[in-house]
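Structural description and commentary
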Amino acid sequence: GKGGGGEHRDAFLVFRSLCKLSMKSVTEVGYTIEGSPNSDLGPAMESKILALELLLHVMEGAGHELLNSEKFESAIRHYLCVSLLKNCTSESTQVVSLSLRLFVPIITHFRSLLKSEIEVFITNIFFVILQSPNSPPEHKSLVIKLFEQICGDSETLAEIFLNYDCDLSAVDLFHRIVSVLSRVGKTEIDEVNAPSGNVFGGSSRLFQLKRTTAKLRLDAMRALVVVLKSLFESIEGNLNHVNSEGLKIESKSSGESEAAPNGTNGHSNPDQPVTRSTQQSIVEIYDSKKKLKAQQVEAVLRFNHSPKTGIKYAAECGLVDDKSPQDVARYLLENSENFDKTQIGDYLGREREYQGGFCFQVLHSYCDLLDFTGLVFDDAIRHYLSGFRLPGEAQKIDRIMEKFAERFTLQNPDVFPTADVAFILAFSVIMLNTDLHNPNLKEERRMTKEGFIRNNRGISTNGSDLPSPMLEAIFDRIQKNQISLKEDDAARDKMQEEEKTKQYGMFSDQFREFDESRQAEFSKERDKMVRSTEHFFRQKRRSKNDTAFVRTSESGLKDEYVLPMFEVTWAPALSVFSIAMESANGLNKIGASTTDLEREHMEEISQASTQVCLEGLRLGTRIAGLCNLELARNTFINALLNFAALGTGKVMDSRHVRCLECLFDIALEEGEVLGNTWEHVFKIVSEVSRLKQVFERLKTDETFVSAPVPDSGTEEEDSTVELTEKAIDEFNAQRVSEIIDSAKIDKIFQLSATLSEQAVHEFVLQLCRVSRMEISGYGGGGGSDSNEVK
């Protein structure tokens, strides 16, 4: 019950104690290249792991009454979420594994209560782990498997889409999950800046990296296939409700996208009965968000070219009021991560007369939006300059720092006697920062601490000095930590890493240094993840304004949301499958120095990848057909056709033949939705039949030549080419004949009798079309008017 008696109170206290125990700080062990923790655990770590295991047992076995207890819900929000924050970013793989397993029952049972917390965990922690080049590979794999488990439930996946992608105030969580998985599925070893392996034992370590990367790609592919399975289950579960005219979700024009947004965030009342008009408003919300996103992207492009033009366009789209300095300032501050920061700085530093003083007013409004209360002086400057690049012109710097000094003095009245004093020191700090960190300046010419103090003598009121300890502390902090944009910091770190790589000696342990560097960098990233998420939790406790959560059962929708979800998924998934099929998931890229055992391991991963890719291609084709997305369906079928390599003059391996089998299976099971792609199926049938005839004649006549000798070229050259082509054709004929059963091809035609009238019409039309092309010697192209059947 909601009230909770003594038993609930005891359960709450035990649960809270376990959460606190799991949060205790311990000296954690590092990770190796495989992410394996040191097996020697101390008592503190054992206590942490025991607490996490008990919490997992409670969360997985909690009954209905406990799950609906207000105290239990509060404990999860205020204690378990904090525990997961600290432990999901642990260095210990075992701790991370248990923490991620704990996240599953949270999203299963409490996603309607913890909407914002789930969003911040996925975006601030899980995505960072997956996209960081420094996080342990095993931690990446654990996060991918978490996504695979979450996406395996079609209802959970649909509600993620409904409540995030279709909420104007939330991130596009489903879209980002698919995008991040796609990016991991295409990761190359070069992207992790691995050493060259040009040392003793280096080739073996480099192979370990390649194998680990191939496994991660395979994990990501499996997760994408699970997403497609859930989408298909959403359609399949509703097929009984579809009218007899077809098993399709009609794809609408660009102005009528079929979506399933949540109708939350003030757009509809979740307690209100769902009506036809409510469903229409839900669709409009999703369309509005897509349109808004496109407008925002265009506004960024225009602003980065010309701030004046960008702001004007944004105003036309309703993104900002270009007549209000306060609103323009808000717009610049909120989009500082997207806009070119040099352009922002130039815009804010414009002279007072520019645009009738509008930019100058924006500068004042921009500064008034920032809070410097309680910050030390140079940290306030860092905060101020984090949103834009300070212009190089002295007059612009004057205007920008003058307003900063005024704001800082207003919010910190006890630090400086007047704003003028703060302005003089602020300008001096900017000069100091440039002097200390200019790479072109010789060390002996850099400003010293004494020189800095001397330059700032007598700047206070009545010619008095500022306190020397204050100036010394500012100098020390600036010398240790340059005031710069994070983009500049990242570029500088990358350059230093490249220089460090060049300095590796022939006999140095490159991989040891590589591992240590990654561990140090990820430690910084981990601290940042924790700080940003803790900041969110603090704000969350103050605001308490979560939007309403919409369940699929309450949305009034059946499977209409599958179409927009599939439109988001199919292209990224297909790109991953295509790269894996072309490269055999990295098998084609392993070096000649690879041992037989290492090659065997890569072949196992390659075979598993092929199986996963074919399953994904098959699911994609089925969903595209049911959603009546002709472009997606044709692209999937064309991809299978290309991977089969039939008629290309290449030697076919097992991957290519399995693609043929997959095409025939699709033709047998999904003939109702193949439409004009029957053309490709019949071309494949024709080529397979030809190869079977070649193989039958080969068994009785080994001198059989499958094609006449070309007329052009010398006889010797033609003979060599002909023998090579003949050998390839004979090999392919044998391989195809041994694997592809003729009965399966016959069954395609037999089952055509079970197709609907429209599907039979398309079947016969494409059969006649391919037949005409063969009779005419493929004189017309696939889409040629000469091959149209009247």
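One can find the structure itself at the top, above this paragraph.
The following refers to the structure shown.

The rules we used
Counting restarts for each chain, with residues numbered from 1 along the sequence as it is written. Only residues with pLDDT of at least 70 are given local features in this predicted model, and only at 80 or more are side-chain atom pairs given and counted; all residues enter the totals for whole chains, interfaces and linings. Values reported for side chains reflect all heavy atoms of the structure, with hydrogen atoms and water molecules removed beforehand. Under the scheme used here, helices are H or I runs from DSSP no shorter than 4 residues and strands are E runs no shorter than 2 residues, and both carry numbers assigned from the N terminus. Exposure classes here rest on a 1.4 Å probe applied to the protein chains alone. A residue is buried below 20% of its type maximum, exposed above 50%, and partly exposed in between. Accessibility throughout is a Shrake-Rupley quantity obtained with a 1.4 Å probe, and a residue counts as covered only by protein chains that appear here. To define a nonpolar core, start from buried Ala, Val, Leu, Ile, Met, Phe, Trp, Tyr and Cys residues and group those joined through side-chain atoms within 4.5 Å. Any Phe, Tyr or Trp ring, taking Trp's six-membered ring, that has another such ring centre within 6.5 Å forms a pair; planes under 30 degrees apart are called stacked, those over 60 apart edge-to-face, and the others tilted. Whether two residues touch is decided by their heavy atoms; if any such pair falls within 4.5 Å, the residues are in contact. Any cysteine sulfur atom paired with another within 2.5 Å is treated as part of a disulfide. By salt bridge we mean one thing: a side-chain nitrogen of Lys or Arg within 4 Å of a carboxyl oxygen of Asp or Glu. Multiplying 1.5 Å by the helix residue count minus one yields the expected span of that helix.

The next subject is the overall build of the chain. Helix and strand content of the chain: 30 helices and zero strands. Expressed as a percentage of its 790 residues, the buried residues of the chain come to 48%. Summed over all atoms, the accessible surface of the chain reaches about 38400 Å², with 49% contributed by carbon and sulfur.

Let's shift gears to the nonpolar core. Counting residues in hydrophobic clusters, the biggest one holds 147 residues, and the most contacted among them are Leu 80, Phe 103, Phe 126 and Phe 566. At 15 residues, the largest contribution of residues to this core is made by helix α10 (residues 202-236).

Glancing now at the packing of aromatic side chains. Going through the model one piece at a time under the given rule, you end up with 28 aromatic pairs. Centre to centre, the rings of Tyr 384 and Phe 404 are 5.2 Å apart; their planes meet at 25 degrees, and the pair counts as stacked. Of this pair, Tyr 384 sits in helix α16 (residues 377-385) while Phe 404 sits in helix α17 (residues 394-411), placing them 20 residues apart in sequence. Between Phe 408 and Phe 416, the ring centres sit 6.0 Å apart and the planes meet at 55 degrees, which makes this aromatic pair tilted. By relative accessible area, which is 2% here, Phe 416 ends up buried.

For Phe 763, the position within the fold is in helix α30 (residues 757-775). Using a relative accessible area of 5% as the deciding quantity, one classes Phe 763 as buried. Excluding anything up to four places from it in sequence, Phe 763 contacts Trp 678, Phe 682, Ile 748, Phe 749, Ser 752 and Leu 755.

With that settled, consider the environment of Ser 428. Mapped onto the elements of the fold, Ser 428 is located in helix α18 (residues 419-437). Sequence separation between Ser 428 and Asn 456 is 28 residues, and the spatial gap between their C-alpha atoms is 7.7 Å. In contact with Ser 428, other than residues within four places in its own chain, are Phe 452 and Asn 456.

Inspection of every chain in the model, using the stated rule, returns zero disulfides. Cys 19 supplies the cysteine sulfur nearest to Cys 81, a cysteine that is in no disulfide, at a spacing of 9.1 Å.

A few words on the pattern of salt bridges. Evaluation of the coordinates by the stated rule reveals 32 salt bridges. Residue Glu 117 is joined to Arg 77 by a salt bridge in which the shortest nitrogen-to-oxygen separation is 3.0 Å. Of this pair, Glu 117 sits in helix α6 (residues 115-131) while Arg 77 is found in helix α4 (residues 70-88), placing the two residues 40 residues apart along the sequence. On the basis of relative accessibility, which here comes to 2%, the residue Glu 117 falls in the buried class. Of the residues examined, Arg 77 reaches a relative accessible area of 26% and is grouped as partly exposed. One salt bridge in this structure joins Lys 115 and Asp 167, with 2.6 Å as the shortest N-O distance. Separated by 52 residues along the polypeptide, Lys 115 in helix α6 and Asp 167 in the loop between α8 (154-165) and α9 (173-185) bring together distant segments of the chain. One network of salt bridges, in which partners are shared, links Asp 368, Lys 403, Glu 406 and Arg 407.

The next subject is helix α23 (residues 562-583). Compared with an ideal rise of 1.5 Å per residue, which puts 22 residues at 32 Å, α23 spans 31 Å between its outermost C-alpha atoms and is within 8% of the ideal. The buried fraction of α23 is high, at 17 of 22 residues. Positioned one or two residues after α23, Ala 584 has a phi angle of 55 degrees, which is positive.

Another aspect to go through is helix α5 (residues 93-109). Helix length check: α5, at 17 residues, gives a terminal C-alpha distance of 25 Å against a target of 24 Å (1.5 Å per residue), a fit within 8%. Along α5, the residues that are buried comprise Thr 93, Val 95, Val 96, Leu 98, Ser 99, Leu 100, Leu 102, Phe 103, Val 104, Pro 105, Ile 106 and Ile 107.

What follows is about unusual backbone geometry. For Asn 628, which is not glycine, the phi dihedral falls at a positive 60 degrees. When you line up the elements, Asn 628 lands in the loop between α24 (596-626) and α25 (630-644). Assessed through its relative accessible area of 31%, Asn 628 is described here as partly exposed. Located in the positive-phi region is Ala 645, a residue other than glycine, with phi close to 60 degrees. Looking at the secondary structure, you find Ala 645 in the loop between α25 and α26 (654-669). For Ala 645, a relative accessible area of 5% gives the class buried.

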